[in-house]
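Chain by chain, the residues run as shown.
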There are 4 protein chains.
Amino acid sequence: MRAVVLRGERDIVVDDVPDAGVPGPDGLLLRVDRTAICGSDLHLYHGPMTVPGAHLGHEFVGTVEAIGADVHTVRAGDRVLVSGVIGCGVCAACRAGDVVVCLNAGTRVFGTSLELPGGQAEAVGVPAADTSVLKIPDAISDEQAVLLTDILPTGYLGAQRADITPGDVVVVIGLGPVGVFALQCAQLYGPSRILAVDLVPDRLARAAALGAEPIDAADGNAVAKIYDATGGRGANAVIEAVGADQSINDAILCAAPGATVSVIGVNLNLAFPFPVPVALMKRLTFRVTLASIPTTWSALVPLIASGKLHPEEVFTHRMGLSEAAEAYRVFDAREDGVLKVLLDPTT
Amino acid sequence: MRAVVLRGERDIVVDDVPDAGVPGPDGLLLRVDRTAICGSDLHLYHGPMTVPGAHLGHEFVGTVEAIGADVHTVRAGDRVLVSGVIGCGVCAACRAGDVVVCLNAGTRVFGTSLELPGGQAEAVGVPAADTSVLKIPDAISDEQAVLLTDILPTGYLGAQRADITPGDVVVVIGLGPVGVFALQCAQLYGPSRILAVDLVPDRLARAAALGAEPIDAADGNAVAKIYDATGGRGANAVIEAVGADQSINDAILCAAPGATVSVIGVNLNLAFPFPVPVALMKRLTFRVTLASIPTTWSALVPLIASGKLHPEEVFTHRMGLSEAAEAYRVFDAREDGVLKVLLDPTT
Amino acid sequence: MRAVVLRGERDIVVDDVPDAGVPGPDGLLLRVDRTAICGSDLHLYHGPMTVPGAHLGHEFVGTVEAIGADVHTVRAGDRVLVSGVIGCGVCAACRAGDVVVCLNAGTRVFGTSLELPGGQAEAVGVPAADTSVLKIPDAISDEQAVLLTDILPTGYLGAQRADITPGDVVVVIGLGPVGVFALQCAQLYGPSRILAVDLVPDRLARAAALGAEPIDAADGNAVAKIYDATGGRGANAVIEAVGADQSINDAILCAAPGATVSVIGVNLNLAFPFPVPVALMKRLTFRVTLASIPTTWSALVPLIASGKLHPEEVFTHRMGLSEAAEAYRVFDAREDGVLKVLLDPTT
Amino acid sequence: MRAVVLRGERDIVVDDVPDAGVPGPDGLLLRVDRTAICGSDLHLYHGPMTVPGAHLGHEFVGTVEAIGADVHTVRAGDRVLVSGVIGCGVCAACRAGDVVVCLNAGTRVFGTSLELPGGQAEAVGVPAADTSVLKIPDAISDEQAVLLTDILPTGYLGAQRADITPGDVVVVIGLGPVGVFALQCAQLYGPSRILAVDLVPDRLARAAALGAEPIDAADGNAVAKIYDATGGRGANAVIEAVGADQSINDAILCAAPGATVSVIGVNLNLAFPFPVPVALMKRLTFRVTLASIPTTWSALVPLIASGKLHPEEVFTHRMGLSEAAEAYRVFDAREDGVLKVLLDPTT
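Residues numbered from 1 in each chain as written. Chains lettered and ligands numbered in written order. Predicted model: local features only at pLDDT ≥ 70, side-chain atom pairs only at ≥ 80, totals over all residues. Heavy atoms only, no water.

Undergrad: What should I look at first to understand the interface of chain D and chain A in this one?
TA: Taken together, the contact between chain D and chain A spans 34 residues of the former and 34 residues of the latter. In total, chain D and chain A occlude about 3,200 Å² of area from one another, counting both sides; carbon and sulfur atoms represent 62% of this. Per-residue buried area on chain D facing chain A is highest for L280, R283 and V288 of chain D; these three make up 22% of the total on that side. Residue R283 of chain A is joined to D98 of chain D by a salt bridge in which the shortest nitrogen-to-oxygen separation is 2.7 Å. Where chain D packs against chain A, one counts 19 residue pairs in polar contact (both at pLDDT 80 or more). By residue class, the composition of the side of chain D that touches chain A is 23 nonpolar, 6 polar and 5 charged. Relative to strand β16 (residues 285-288) of chain D, strand β16 (residues 285-288) of chain A runs antiparallel, the two sharing 3 bridges. Following the sheet pairing, F286 of chain A is matched in β16 of chain D by F286 of chain D. (Contact = heavy atoms within 4.5 Å. Buried area = accessible area lost by both parts, 1.4 Å probe. Salt bridge = Lys/Arg side-chain N within 4 Å of Asp/Glu carboxyl O. Polar contact = N/O pair within 3.5 Å; in protein donor to acceptor, adjacent residues only side chain to side chain. Nonpolar A, V, L, I, M, F, W, Y, C, P; charged D, E, K, R; others polar. Pairing = 2+ DSSP bridges. Helix = DSSP H or I, 4+ residues; strand = E, 2+ residues; numbered from the N terminus.)

Take a look at the structure:
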């Protein structure tokens, strides 16, 4: 079968690899119908997390080909989506969907190692299926479902863990796909205003169209603009969806006393310079979140099914799996107004 | 000065009464600019809570004429709104705005007794001003502000105390002014669906225009319709805004296991037949709420100022104070598509 | 094998019945090591819920004899405890342990119908084993474990759902075994005082020994005594562990403004006379709870293992299964200082 | 009058200074009855926050001598305690006691600047009295009350903001007076175990006597010992009460997935090296807290009055105000088993 293989830094190839199979009695074999490229895939693509030989991709949906003997919640022929993050599948935390606190330390992400191949492929073996897979309701399309495998849940948890209450002023820093979802999910908590920060004009325009107030950070003084816009108070809740040191620092600085700063951008700095006295005087809550994807489905599935959320609108590019190398290049370069790329494994 | 006086059951007159004054060092004298009639005024109008001689009205805004020596948060000339429910003004609960749990048992409602005259008048004396009065921001009109004195806060707390989480199915029973606000405030908590129950076609149409799914209760089987609409599950949160025994019972019956039923309709039955085994099997939370109005302003004021809420849309009738008797009659009879009546004390 | 069979009202016999077996691929066969009689068994024993022919008992622990093909969390030979309340075992709620909100409406209690035999027997078939069974840690004895199958979890959830915060004044009404556990679990939330209400002197003495202030309700004025003891304020949280109309009414009356009343006593009145205006003026939260037993184990198991809780102290009587008829009689009659009866199926 | 004056680094003198007075219509003049030295006073004493000329002390209780015209909650002759941290006294946040989020940015600490003199003196002027002062109930002694002005509230909020739920494993790092109170307040939330970390043998012994498990950090591997003690899981909640970079880092490292780290030690590093990927993989919540003292009194006062907390046990040294220089020296040097020093302004 064909799969997207990372040969080295910025070196992607769609290669013939051994066929996937059912990875054990608790697993299933999935024929992939749609898969997407995620911003965190770029940490493998351009470093510093490059894993040569890895089969990429943790966002994918498909049709069940075969199941292991112990799988009970889905059957062959079912259209399903898969959590990009999985756990052991047996412990109480995993059974409750909270795979990030897996009691057996089994938290893993598809497509980030040689041990658990990814879903940018024609097929993939999915372990721990009963706790990581959801049958897709008829009211939800494949394009919507693929966004339930990582980034919509991540944006949702970023908003949930920002402690927004009705009437709050919210800041969202970074308006890539995850930031857009964080913005839309923040609106589920009744804020009076959302200030949306980015450098890119069309991202700011998209945020404005979604009801937020754009803050252009191109000149480097986003924090000052936020204070101006809030009469010097700052924001009650800040969601950081970039992952850069500078933007996390901005998130802390623009927070009002008593606020929560919720980081969902991926930052790999083991010594981020955290301003403790600022947090002390403001009595901040600071959260960093790897998403327990399955915990979010009971909220997000009905919101999509009822038309309250339209996550598929983030897809700006639809390409074939065979075009994966070009897709990564465009996505990484932010060319051509790209926000999110969907891949079709059949072409 | 002129004031709306209740002479007896269904007997309203606009009468000359002694001029109001500053009611003590912690109080102020308010010239009333706008005042409204509330559904709970009807409990005095048509019984069973008739208090002959009472000066009615607990929803009013105006301009400060004079303040007592101990008032610090507003001054003469300020445009202010007043909580319809007040407390002692000194205890920790009152200072935090939570007047319903006043530690000195001082919770009172304007216009419901001979002791605390109401605001359907040219002027009114307001005690405990520092804890019951808010300076109205420029961005908020008098018509919006008068709805912050009781029914928008009540609808808001009804929604807040229904424990709605994103994706939930919500039922709102009763689409009078309080129910409409409960519906709009429920939307602040990110539900996937709101089912709105009433008997009156134009109220159902208004709910549909606000994004809810209308459930016509005219044929008496609203509960069955709710189960049909939810695949037999019932609702995760139910807000009851009528106060009748039947509708509270319906609220309990249409709740899903684990749900919360939040009652904001005023029911005066000391022996409401509560179905305990139903609540047991469903593990229900059942709440009844008298609103601590001032606790809601920090959320509702920015939501109105930013244009997220437009409460003034509930006013269907604007009349002069001199027309109060006719206003009560029309409002009580639900004639002429009336939803909410605003009175102008200058005419 | 032998089992406790209910022939009719107050008519218990230990009978030979067909051997239990593995009840399906998701189930297991348990040899019962210890089982207890619960206050709610008495609703079957003396009516009004008598089910002639039922095999009684929902509190039991034992050793796994055999498992079905789909059971993964325990194996033959394991010492396990079983939730007295189970669900379908497949839906997301059940997998999270929240069996009372089973999405397939599969909530059932062992030993209360002809469909699901009870555990006061030498052996029992346990369905939905992966979601209803817990391997007992070595640090926990059988006598402790049997109390994790119903009444300690029920007392715990009664306290949890009373919304106790540090410094609160708590009232516990009813000091039977469930009430004693509610009292001990209330202490996990840092109250400043617990007022413990009962009629029976030795139960009041036991509560005092546990650090509570006894309130003797024998003269019928417990509510007045609670107001006296709290300077007229009432209690911030009330746990009702009797189930009588009178005691639920007392619970509502002795609650302070803003309080929560948490009912865990089993009341079967479909028309309990609920005083709505009292709840309105006090802004009450009223909860009735059927316990999702498995959700409590992650908290209660470490509390027992670390010696913070000693639930086995409630056992006043240890008898053989063959003495079940006498055990029920004594327990129902409250003879001989009985608080809780443990049965040994081997004798 | 006499006051403790900081002349420079490690240079304390008890000096004659101008008499304190009522500092405005919202203030009062307090004759100080007891005052204590706080660990955070040492940041002024030995640097880096030395303010030459400052009158030190933010922990004090006393008797009201005179009040301003606008003070209503206390009167001359009342025995009162004063929040060490105050705000503007007028805004909604201050009136609710949440002085750290003062909407007028008026948060200040007594005795840390030339603008707001401290309470290690014979008398002190207290601004914003209605929101910063509490009449001491008869059941509470001066020695207990002085601990309600800063460090018991700080320990309490450190525990509250650690999100402890019943059954949790808690780690407390640092067993000085604040850490001891954090430990005792953690017990209000029902943990199964508390692991208490320090270097000093008598502090570890004190923690053990309070029911915690001592972890000796003298050999530098406290984190490893915590993992050993928890079967490799780490702690569900960690309270850091030292303020050193190393101990904050240890707090993050010993946290289990999903845990909360609550920092109440004062750390002045504007670039603390925060390990973001560790927080990401563990989905941490990280909080830093300056205490809004008055918000804690409604919980802590009844806990002391009912005998559930005995904060006065931390006092190891009772000295006269005239001995302040020696008192600071001993406290800073940790000589003579000192844990907390109480000063008597009359001697």
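Undergrad: Looking at this structure, I do not really get the side chain of Q144 of chain C. What am I missing?
TA: All names here are of chain C. Looking at the secondary structure, you find Q144 in helix α4 (residues 142-146). Residue Q144 is classed as buried on the basis of its relative accessible area, which comes to 8%. Other than its neighbours up to four places away in sequence, Q144 contacts A139, I304, P311 and E312. (Buried < 20%, exposed > 50% of the residue type's maximum accessible area, 1.4 Å probe, protein only.)

Undergrad: What exactly am I supposed to notice about the relation of the copies chain D and chain A here?
TA: Between the two copies of the chain lies a relationship made up of a rotation around an axis and a movement along it. The operation relating chain D to chain A is a screw motion whose rotation component is 180°, with 0.0 Å of axial translation and a residual RMSD of 0.0 Å. The transformation relating the two chain copies, once decomposed into turn and shift, fits a two-fold axis. Of the residues that chain D buries at the interface, 100% are likewise interface residues in chain A, meaning the two copies contact each other through the same surface. (Least-squares fit on C-alpha atoms with pLDDT ≥ 70 in both.)

Undergrad: What exactly am I supposed to notice about the nonpolar core here?
TA: One broad trend across soluble globular proteins is that nonpolar side chains are buried collectively. Within the largest apolar cluster, 179 residues are counted, with the highest numbers of intra-cluster contacts made by F274 and F286 of chain A together with F274 and F286 of chain D. The residues contacting F286 of chain D, other than those within four sequence positions of it, are F274, L284, T285 and F286 of chain A together with I248, I252, V261, V263 and F274 of chain D. In terms of nonpolar packing, the next biggest core, distinct from the first, is built from 177 residues, A145, V146, L284 and I304 of chain C among them. (Core = buried A, V, L, I, M, F, W, Y, C linked by side-chain atoms within 4.5 Å.)

Undergrad: Explain empty space enclosed by the protein to me, please; I cannot follow it from the model alone.
TA: A water-sized probe rolled over the atoms picks out the places where empty space is left. The tally for this structure, following the rule as stated, stands at 1 cavity of 30 Å³ or more. A volume near 30 Å³ is recorded for the largest cavity. Lining the largest cavity, in full, are K308 of chain C together with Q187, P191, R193, I194 and G211 of chain D. In terms of residue class, the lining of the largest cavity is made up of 2 nonpolar, 2 polar and 2 charged. (1 Å grid on protein atoms, 1.4 Å probe; cavity = no way out; pocket = protein on both sides within 12 Å on 5 of 7 lines; lining within 4 Å. Points joined across faces, edges and corners; volume = space filled by probe spheres on them.)

Undergrad: How should the packing of aromatic side chains be read in this particular structure?
TA: Aromatic ring pairs: the centre-centre distance and the angle between the two ring planes describe each pair. Within this structure, the stated rule accounts for 20 aromatic pairs over all chains. Seen from their ring centres, F274 of chain B and F286 of chain C are 5.3 Å apart, and the 85° between their planes marks the pair as edge-to-face. Taken together, the residues F274 of chain B in strand β15 (residues 272-274) and F286 of chain C in strand β16 (residues 285-288) connect one chain to another. For F286 of chain C, a relative accessible area of 2% corresponds to the buried category. In textbook terms, an aromatic cluster arises when at least three aromatic residues are bridged by ring pairs, as seen for F272, F274 and F286 of chain A together with F272, F274 and F286 of chain D. (Phe/Tyr/Trp six-rings, centres within 6.5 Å; stacked < 30°, edge-to-face > 60°.)

Undergrad: Would you mind going over the relation of the copies chain B and chain D with me for this structure?
TA: Between the two copies, chain B and chain D, the superposition gives an RMSD of 0.0 Å; the rotation angle is 180° and the shift along the axis is 0.0 Å. Interface overlap between copies: 100% of the residues of chain B at the interface are likewise at the interface in chain D, consistent with a symmetric, same-surface contact.

Undergrad: Could you clarify how one ought to interpret the interface of chain B and chain D in this entry?
TA: Across the boundary between the two partners, chain B contributes 9 residues, which contact 9 residues of chain D. Across the interface of chain B and chain D, roughly 700 Å² is buried in total on both sides, 50% from carbon and sulfur atoms. Looking at the side of chain B facing chain D, the largest losses of area belong to D70, H72 and R95 of chain B, adding up to 64% of the total buried there. For the interface between chain B and chain D, the tally reads 3 residue pairs in polar contact (both at pLDDT 80 or more). Looking at side-chain class alone, the side of chain B that touches chain D contains 3 nonpolar, 3 polar and 3 charged residues.

Undergrad: Before we go on, may I ask you to explain helix α11 (residues 297-305) of chain A in this structure?
TA: Within an α-helix, residues lying three or four positions from one another point in the same direction, as the helix has 3.6 residues per turn. For α11 of chain A, every residue scored as buried is listed here: W297, A299, L300, V301, L303 and I304 of chain A. Check the buried side of α11 of chain A and you find it contacts β5 (79-82), α3 (129-132), β9 (133-135), α4 (142-146) and α5 (151-160) of chain A.

Undergrad: What should I look at first to understand the sheet that holds strand β12 (residues 213-216) of chain C in this one?
TA: Adjacent strands of a sheet form backbone hydrogen bonds with each other and so pair up, either parallel or antiparallel. The 12 strands are arranged β12(B)-β11(B)-β10(B)-β13(B)-β14(B)-β16(B)-β16(C)-β14(C)-β13(C)-β10(C)-β11(C)-β12(C) in an open sheet whose pairing can be described as mixed. Single-partner strands in this sheet number two, and they are β12 (213-216) of chain B together with β12 of chain C. Strand-to-strand twist of the sheet, defined as the mean angle between neighbouring strand axes without regard to direction, takes the value 20°. In the packing of helix α8 (residues 222-229) of chain B onto the sheet, the strands contacted are β10 (169-173), β11 (193-198), β12 and β14 (255-263) of chain B, and the crossing angle to β11 of chain B comes to about 165°. (Axes fitted to C-alpha atoms, helices over the stretch in contact; angles between N-to-C directions.)

Undergrad: Please clarify how the sheet that holds strand β13 (residues 235-240) of chain A should be interpreted in this entry.
TA: Spatially, β12(A)-β11(A)-β10(A)-β13(A)-β14(A)-β16(A)-β16(D)-β14(D)-β13(D)-β10(D)-β11(D)-β12(D) is the arrangement adopted by the 12 strands of the open sheet, whose pairing is mixed. Looking along the sheet, the strands with just one partner apiece sit at the ends: β12 (213-216) of chain A together with β12 (213-216) of chain D. Ignoring which end each strand starts from, the neighbouring axes of this sheet average 20° apart. When strand β11 (residues 193-198) of chain A meets β12 of chain A, the two strands line up parallel, connected through 4 bridges. Across the sheet, D198 of chain A pairs through a bridge with D216 of chain A, a residue of β12 of chain A.

Undergrad: So what exactly am I meant to see when it comes to the pattern of salt bridges here?
TA: When their charged atoms lie close together, side chains carrying opposite charge are able to pair. If you walk through the whole model with that rule in mind, you get 60 salt bridges over all chains. We note a salt bridge from R34 of chain C to D344 of chain C, for which the minimum N-O separation is 3.7 Å. Of this pair, R34 of chain C sits in strand β3 (residues 28-37) while D344 of chain C is found in strand β18 (residues 341-344), placing the two residues 310 residues apart along the sequence. Assessed through its relative accessible area of 25%, R34 of chain C is described here as partly exposed. Each of R31, D33 and E65 of chain A takes part in salt bridges that share partners, so that together they form one network.

Undergrad: Is there a simple way to think about the pairing of strand β18 (residues 341-344) of chain B in this case?
TA: Successive residues of a regular strand alternate their side chains across the two faces of the sheet. Residues and elements named next belong to chain B. Residues V341 and L343 line one face of β18 and the alternating positions L342 and D344 line the opposite face, and both faces are buried. In terms of strand pairing, strand β3 (residues 28-37) meets β18 through 3 bridges, oriented antiparallel. Note that in β18 the partner of A36 across the bridge is L342. Where strand β17 (residues 317-320) meets β18, 4 bridges bridge the pair, whose relative direction is parallel. Paired with G320 across the bridge in β18 is D344.

Undergrad: Hey, could you run me through the confidence of the model for chain A in this one?
TA: On average, residues of chain A score 96 in pLDDT, and 100% of them are at 70 or above. Our summary of model confidence lists the complex with pTM equal to 0.96 and ipTM equal to 0.96. (pLDDT = per-residue confidence, 0-100.)

Undergrad: Sorry, what's going on with unusual backbone geometry here?
TA: For residues other than glycine, phi is negative in most cases, and the peptide bonds are mostly trans. In this structure, the amide linkage connecting G47 of chain C to the following residue, P48 of chain C, adopts the cis form with an omega of 10°. Here P48 of chain C lies in the loop between α1 (41-45) and β4 (59-67). Despite not being glycine, A128 of chain B shows a phi value in the positive range, around 50°. Within the fold, A128 of chain B resides in the loop between β8 (123-126) and α3 (129-132). On the basis of relative accessibility, which here comes to 4%, the residue A128 of chain B falls in the buried class. A positive phi angle, close to 60°, is found at D336 of chain C, a residue other than glycine. Within the fold, D336 of chain C resides in the loop between α12 (324-333) and β18.

Undergrad: What is the right way to look at the environment of L280 of chain D in this model?
TA: Along the polypeptide, L280 of chain D turns up in helix α10 (residues 276-282). Judged by relative accessible area, which is 9%, L280 of chain D ranks as buried. Sequence spacing of L280 of chain D and V178 of chain D is 102 residues, and the spatial spacing of their C-alpha atoms is 29 Å. When sequence neighbours within four positions are dropped, the list of residues in contact with L280 of chain D reads V266, V288, T289 and L290 of chain A.

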